[in-house]
Amino acid sequence: MKKPPEEFLPLAPAALHILLALAGGDLHGYGIMQQVAAHSEGKYRLGPGTLYDNLQRMTAQGLVRDGLRGAEDEDPRRRYYRLNALGRAVLAAEVARLERVLREARVHLQAAAPRRA
Amino acid sequence: MVRFLYAWLIRLHPRWFRARYGEEMRWIFKEEAQRSGAARLLADAAVSVARQWAFRSDFQPEPGAAVAAGRTVDGIPVFYTAEPEVPRPSAMLPGAIVSAAVFALLSFAVAHGGRPPRALGRLEYYSTPMPDNSVLFGGAGRAYAVAGRAPGAAGERPEGGLWAKFEATVAALVMPGKPKAASETAAPAATLETEPLRGVRSAPSRAEIASTPYFLAAPAGRATAAQEAPPTRAATYIDLLAPLSALDSDSDGVLSAVEIAQAGVVLPALDANHDGRLSAEECGAEGDAFATKNVAAVGRARRAYMALHPALAALDANHDGFVSAREMRASAAALSALDGNHDGKLTEDELLPAPLEYGVWLVQSRVDRNFDGRISKRERGRAEAAPWRDLLDASAGGGSTLTVRELRNELRRRADTNHSGVVTWEELRRVFAPRLAATR
């Protein structure tokens, strides 16, 4: 029996970035790293050790599917990863959670802003 | 170089991780090292190694999955290995080197480790079966023996529980200071028939040695029929040497074959300081020569003491002044070799040293403070030399320093009154008795 998406929350930053990168389509490991760097405008760079540790865990949890081969003319070492339905649901739940956090944060920041005389 | 280092870091990962992601990590390193710096990737791999081993062991696949798939045969045991691959042939050499090194280290530790700490639970006493189904015990450091008849018929080992109680009770007898456990106090003492054989005396004091040299005791065979017969010369001598005293369990002044056979068990009990060997002092030596801070002098005195007494010389096979653990294990055979007439026992003529040599030792051990074999004028002037001063001065022949050889010659000249060339105990007695009487 699959766990509901909410039980995976909150996601660690690395896991969130990886799921976001895979939301746009299948990617190999190096492609995920490049996508994450692009999403964060170069401010968040995953190392291979961190990347594959997260992929290993998310594969075991059923969020990601691995072992997909690319085109025949591609380097055979490139193995592609794909977001499962559960992974997509978890990503959506995490984004919704972050929106609520963002909304709360804005309300609190406006309330705390200094009033002008 | 950095690529080799990165490959090495990947090899340090758990097998299941590197088999799945190792190739991809190597490829990414090759692509990314130039762009974002090798140091960051190396640090990331190092952290990954620690993380995988410390926190990700639950990703390890079940062992023996391939075996469970159908390679087992009924009735044949199956062994699982952490690494399913067959080791590389080239790995055999380093494996052999590591195995040999570990074996050599363990062998060295066993051979030279000495007595293990008591925390390791070493037995506090030693035991050996006797022909009559009794057991002889020697308590470590307590140095006395107890014989007890083990419950059960001769030749068969009693039930474990009863045997354990028997051993616990005898151990309590050997080590009276050890607190008894409840199970020990409940031991059936009535079935034990324990009886103390004979206490091994502690080393005699210097005053005792000076007042009762063994050659002043009645000669063997001349003991009167009176109730309080004086001890024989051999019995007095045996009392002065702790190893012989421990072995002569019936105090008859003779070491029988059975008593000699117990040497390997009894002697370790004399090791009062638990260093795994018997020093000359633990064998009964006392005197200023052993109390000095001059380590070399003490070493010379120890070697001379062990060489003087035939039994100790036989035990100290390598003549280093100590009876080592190995020499104690071989002690029964070493003592048996002293049995010149092959009658199976050691008697006075086989145990006692040459009278003249003992006389020389008696003087030298009191006068030659640094035991260098030379007695200076200053040493002759000390109070301890007073009883022998005329002997020493005559030996010196007007010189300031005399050697032990000159002392021996002078002592022989004075003692050998019948000019037989051999100094007997009686002759030595005539020279020493008045001098020893003066020191009392």
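How each quantity is defined
- Residues numbered from 1 in each chain as written.
- Chains lettered and ligands numbered in written order.
- Predicted model: local features only at pLDDT ≥ 70, side-chain atom pairs only at ≥ 80, totals over all residues.
- Heavy atoms only, no water.
- Helix = DSSP H or I, 4+ residues; strand = E, 2+ residues; numbered from the N terminus.
- Buried < 20%, exposed > 50% of the residue type's maximum accessible area, 1.4 Å probe, protein only.
- Contact = heavy atoms within 4.5 Å.
- Areas by Shrake-Rupley, 256 points an atom, 1.4 Å probe, with all protein chains shown as cover.
- Patch = residues over 30% accessible without salt bridge, like charges linked within 9 Å, V, L, I, M, F, W, Y side chains within 5 Å.
- Salt bridge = Lys/Arg side-chain N within 4 Å of Asp/Glu carboxyl O.
- Buried area = accessible area lost by both parts, 1.4 Å probe.
- Polar contact = N/O pair within 3.5 Å; in protein donor to acceptor, adjacent residues only side chain to side chain.
- Nonpolar A, V, L, I, M, F, W, Y, C, P; charged D, E, K, R; others polar.
- Pairing = 2+ DSSP bridges.
- Expected span 1.5 Å × (residues − 1).
- pLDDT = per-residue confidence, 0-100.
- Phe/Tyr/Trp six-rings, centres within 6.5 Å; stacked < 30°, edge-to-face > 60°.
- Lys NZ or Arg CZ within 6 Å of the ring centre and 35° of its normal.
- Core = buried A, V, L, I, M, F, W, Y, C linked by side-chain atoms within 4.5 Å.

A.B. asks: Describe the overall build of chain B, listing the residues and the values that go with them.
C.D. replies: Of the regular secondary structure elements, chain B holds 23 helices and eight strands. Out of the 440 residues in chain B, the part that is buried amounts to 41%. Pairs at least 24 apart in sequence give 56% of the contacts found in chain B among residues at least 6 apart. Accessible surface, chain B: about 24,000 Å² in total, of which carbon and sulfur atoms supply 58%.

A.B. asks: Let's hear about a nonpolar patch on the surface: which residues, and what values?
C.D. replies: Residues Met1(B), Phe4(B), Leu5(B), Trp8(B) and Leu12(B) make up a contiguous nonpolar surface patch of roughly 570 Å² in combined accessible area. As for its position among the elements, Phe4(B) is in helix H1 (residues 2-11).

A.B. asks: Explain the interface of chain A and chain B to me, using residue names and the numbers behind them.
C.D. replies: By a widely used convention, the size of an interface equals the accessible area lost when the partners come together. Counting residues at the interface gives 25 residues for chain A, matched by 22 residues for chain B. When the buried surface of chain A facing chain B is broken down by residue, Tyr30(A), Gln56(A) and Arg77(A) rank first, second and third, together holding 33% of it. For the interface between chain A and chain B, the tally reads four salt bridges. In this structure, the salt-bridge partner of Arg56(B) is Asp53(A), at a minimum N-O distance of 2.6 Å. Viewed at the interface, chain B and chain A are joined by 14 residue pairs in polar contact (both at pLDDT 80 or more). With ten residues, the single largest contributor to the side of chain A that touches chain B is helix H3 (residues 48-61) of chain A. Residue composition of the side of chain A that touches chain B, grouped by class: nine nonpolar, eight polar and eight charged.

A.B. asks: If you had to explain the side chain of Asn54(A) to someone new, which residues and values would you point to?
C.D. replies: Residue and element names in this part refer to chain A. With respect to the helices and strands, Asn54 occurs in helix H3. Judged by its relative accessible area of 5%, Asn54 is buried. Among the polar contacts listed, one links the side chain of Asn54 to the backbone oxygen of Thr50, at a separation of 2.8 Å. For Asn54, the contacting residues outside a window of four places in its chain are Ala14, Ala15 and Ile18.

A.B. asks: Could you give an account of the sheet that holds strand S1 (residues 27-28) of chain A, naming the residues involved and the relevant values?
C.D. replies: Residues and elements named next belong to chain A. Strand order in the open sheet formed by three strands is S1-S3-S2, and the pairing between neighbours is antiparallel. In this open sheet, the two edge strands, each paired with only one partner strand, are S1 and strand S2 (64-69). Pairing between S2 and strand S3 (residues 79-83): four bridges, direction antiparallel. Paired with Arg65 across the two strands is Arg82, which belongs to S3.

A.B. asks: Residue-level account of helix H2 (residues 15-36) of chain B, with values.
C.D. replies: With 22 residues, H2(B) should cover 32 Å at 1.5 Å per step; its first-to-last C-alpha distance of 27 Å lies more than 12% under that length. Following H2(B) by one or two positions, Gly37(B) has its phi on the positive side, about 95 degrees.

A.B. asks: Now, about the confidence of the model for chain A: what can you tell me, with residues and values included?
C.D. replies: Mean pLDDT over chain A: 88, with 93% of residues reaching 70 or higher. Element-level mean pLDDT values for chain A span from 81 in S2(A) up to 94 in helix H1 (residues 13-23) of chain A.

A.B. asks: I'd like a description of the environment of Gly340(B), backed by residues and values.
C.D. replies: All names here are of chain B. Checked against the element boundaries, Gly340 lands in the loop between helix H17 (331-336) and helix H18 (348-351). Gly340 gets classed as exposed once you look at its relative accessible area, which sits at 55%. C-alpha separation for the pair Gly340 and Glu350, spaced ten residues apart in sequence, amounts to 7.1 Å.

A.B. asks: Explain the packing of aromatic side chains to me, using residue names and the numbers behind them.
C.D. replies: Scanning the model with the defined rule gives eleven aromatic pairs over all chains in all. Ring geometry for Trp16(B) versus Trp53(B): centroids 6.2 Å apart, planes at 70 degrees, classification edge-to-face. Remark: Trp53(B) occurs in helix H3 (residues 38-55) and Trp16(B) occurs in helix H2; sequence separation between them is 37 residues. Above the plane of the ring of Phe8(A) lies Lys3(A), whose end atom (NZ or CZ) is 4.9 Å from the centre.

A.B. asks: Can you explain the nonpolar core? Please cite residues and give values.
C.D. replies: Ranked by size, the top nonpolar core spans 57 residues in total, and within it Tyr305(B), Leu351(B), Leu392(B) and Phe432(B) carry the most contacts. A total of seven residues in this core trace back to one element, the largest contributor, which is helix H19 (residues 355-367) of chain B. What Leu351(B) contacts, discounting residues up to four positions off in sequence, is Tyr237(B), Ile238(B), Leu244(B), Leu255(B), Pro310(B), Ala311(B) and Leu346(B). Core analysis: the second largest hydrophobic core is formed by 41 residues, Phe8(A), Val64(A), Trp16(B) and Ala33(B) among them.

A.B. asks: Any chance you could break down unusual backbone geometry for me, citing the residues and the numbers?
C.D. replies: Trans peptide bonds make up the majority, and among non-glycine residues the majority have a negative phi. Here Leu9(A) and Pro10(A) are connected by a cis peptide whose omega angle stands at -10 degrees. Structurally, Pro10(A) is set in the segment before H1. Even without being a glycine, Ser251(B) presents a positive backbone phi close to 55 degrees.

A.B. asks: Go over the pairing of S3(A) with me, naming the residues and quoting the values.
C.D. replies: Two faces make up the sheet, and in a regular strand the side chains alternate between them. Here two bridges tie S1(A) to S3(A), and the two strands are oriented antiparallel to one another. If you follow Leu27(A) over to S3(A), its bridge partner there is Tyr81(A).

A.B. asks: Break down the pattern of salt bridges for me, with residues and values.
C.D. replies: Tallied over the entire structure, the rule returns 17 salt bridges over all chains. For Arg45(A), the salt bridge identified is with Glu32(B), shortest N-O distance 3.0 Å. Highlighted residues: Arg45(A) in the loop between helix H2 (29-39) and H3 and Glu32(B) in helix H2, drawn from two different chains. What makes Glu32(B) buried here is its relative accessible area of 3%. Measuring nitrogen to oxygen at the nearest pair gives 2.6 Å for the salt bridge that ties Arg20(B) to Asp66(A). Highlighted residues: Arg20(B) in helix H2 and Asp66(A) in strand S2, drawn from two different chains. Under the relative-accessibility criterion, Arg20(B) is labelled buried at 17%. The partly exposed category is assigned to Asp66(A), whose relative accessible area is 22%. Taken together, the salt bridges that share partners define one network made up of Asp53(A), Arg57(A), Arg51(B) and Arg56(B).

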